[in-house]
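Descriptive structure summary
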Amino acid sequence: MGKVAQVKVEKSLAETINKAVDELGGFKRFVKKGEVVFLKPNFNTADPFPASTDLEFLKTVVELVYEAGAKLVMIGDSSTMSLNTRKIMEEKGVFSLQEMKTPPRIYVFEEGKWLKKEIPKAKYLKKVSLPAILERADKVIFLPCLKTHSQAQFTGSLKLAIGFSRPFERVPMHVRNLQEKIAELNKVIRCDLVIMDGRKCFINQGPSAGEVKEPGLILVSPDRVAVDIEGIKIIQGYFGNSLSKIKPAELPQIKRAREIGLP
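The rules behind the values
Residues numbered from 1 in each chain as written. Predicted model: local features only at pLDDT ≥ 70, side-chain atom pairs only at ≥ 80, totals over all residues. Heavy atoms only, no water. Axes fitted to C-alpha atoms, helices over the stretch in contact; angles between N-to-C directions. Helix = DSSP H or I, 4+ residues; strand = E, 2+ residues; numbered from the N terminus. Parallel < 35°, antiparallel > 145°, perpendicular 65-115°, else oblique. Left-handed = near helix turned anticlockwise from the far one by under 90°. Contact = heavy atoms within 4.5 Å. Nonpolar A, V, L, I, M, F, W, Y, C, P; charged D, E, K, R; others polar. Core = buried A, V, L, I, M, F, W, Y, C linked by side-chain atoms within 4.5 Å. Buried < 20%, exposed > 50% of the residue type's maximum accessible area, 1.4 Å probe, protein only.

Running from amino to carboxyl end, helix α1 (residues 13-22) crosses helix α3 (residues 55-67) at an angle of 60°, the nearest separation of the two axes being 10 Å. The angle between the axes of α1 and α3 places the two elements in the oblique class. The handedness of the crossing between α1 and α3 is right-handed. Along the contact surface, α1 presents Leu-13, Ala-14, Ile-17 and Asn-18, while α3 presents Glu-56, Phe-57, Thr-60, Val-61 and Leu-64. The class makeup of the residues in the contact of α1 with α3 is six nonpolar, two polar and one charged.

Two elements in contact, helix α8 (residues 224-236) and helix α9 (residues 252-259), have axes whose closest approach is 11 Å; the angle formed by their N-to-C orientations is 155°. In terms of orientation, α8 and α9 fall into the roughly antiparallel class. Remark: the crossing between α8 and α9 carries left-handed chirality. Between α8 and α9, the contacting residues are Val-225, Asp-228, Ile-229 and Ile-232 on the first element and Gln-253, Ile-254, Ala-257 and Arg-258 on the second.

Counting 92 residues, the largest nonpolar core has Ile-17, Leu-39, Val-65, Phe-164 and Ile-195 as its most contacted members. In contact with Phe-164, other than residues within four places in its own chain, are Phe-38, Lys-40, Phe-109, Trp-114, Ser-129, Leu-130, Pro-131, Leu-134, Val-140, Phe-142 and Ile-189.

Written out as structure tokens, the structure is:
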């Protein structure tokens, strides 16, 4: 598995994220000058962090990626099927980022085009529609929260990928073998770096509400599976967590991801 940097937030958020990424070679290892970088946050709902991405965290990553030399930072997401993504983003203040000195471009996936992708050697999810805008990105950075999930048990970087899929396609995804489908979906979505905001987490229920604890950590790795395993271990360190009887490597989404060789 890939290395996972875990750094306690003691000073500024920017310093902490930089310190964590520096343990892996620094932002310039992952972002080259002149590249287009896509950031995938979690705006499934507008519920407060850790249910959804903290705006300060998102803004800080935008600034750091631009400092690393990116030509353009793009942000995009699609909320849960029953909600309007644009309204969720408005409620969370996401569009205020367009007032930054060097602003990102913000995309509501449902308002753009979709491309159908075949998933090679898939057993549970044969194909999926993904936002066409992803084709423009040179690099993709996942920005997951850390939390448990009532249906998928855990949601971190692997589960974050569900937000890339076309909303009506998520209905059959959730009928059976959801966790295995999560892993297979990730096979056709690139991820160059994961920056997980583990300052707070849900240790039970989830994804939009639960018992909150404060690990105070930022986790960074280019390896989605490795980050999620470490995230599960953090949650398991709290009394009353819903993952206490699970070996991280045996969680179905983790197990399937390893089976298909997902980094």
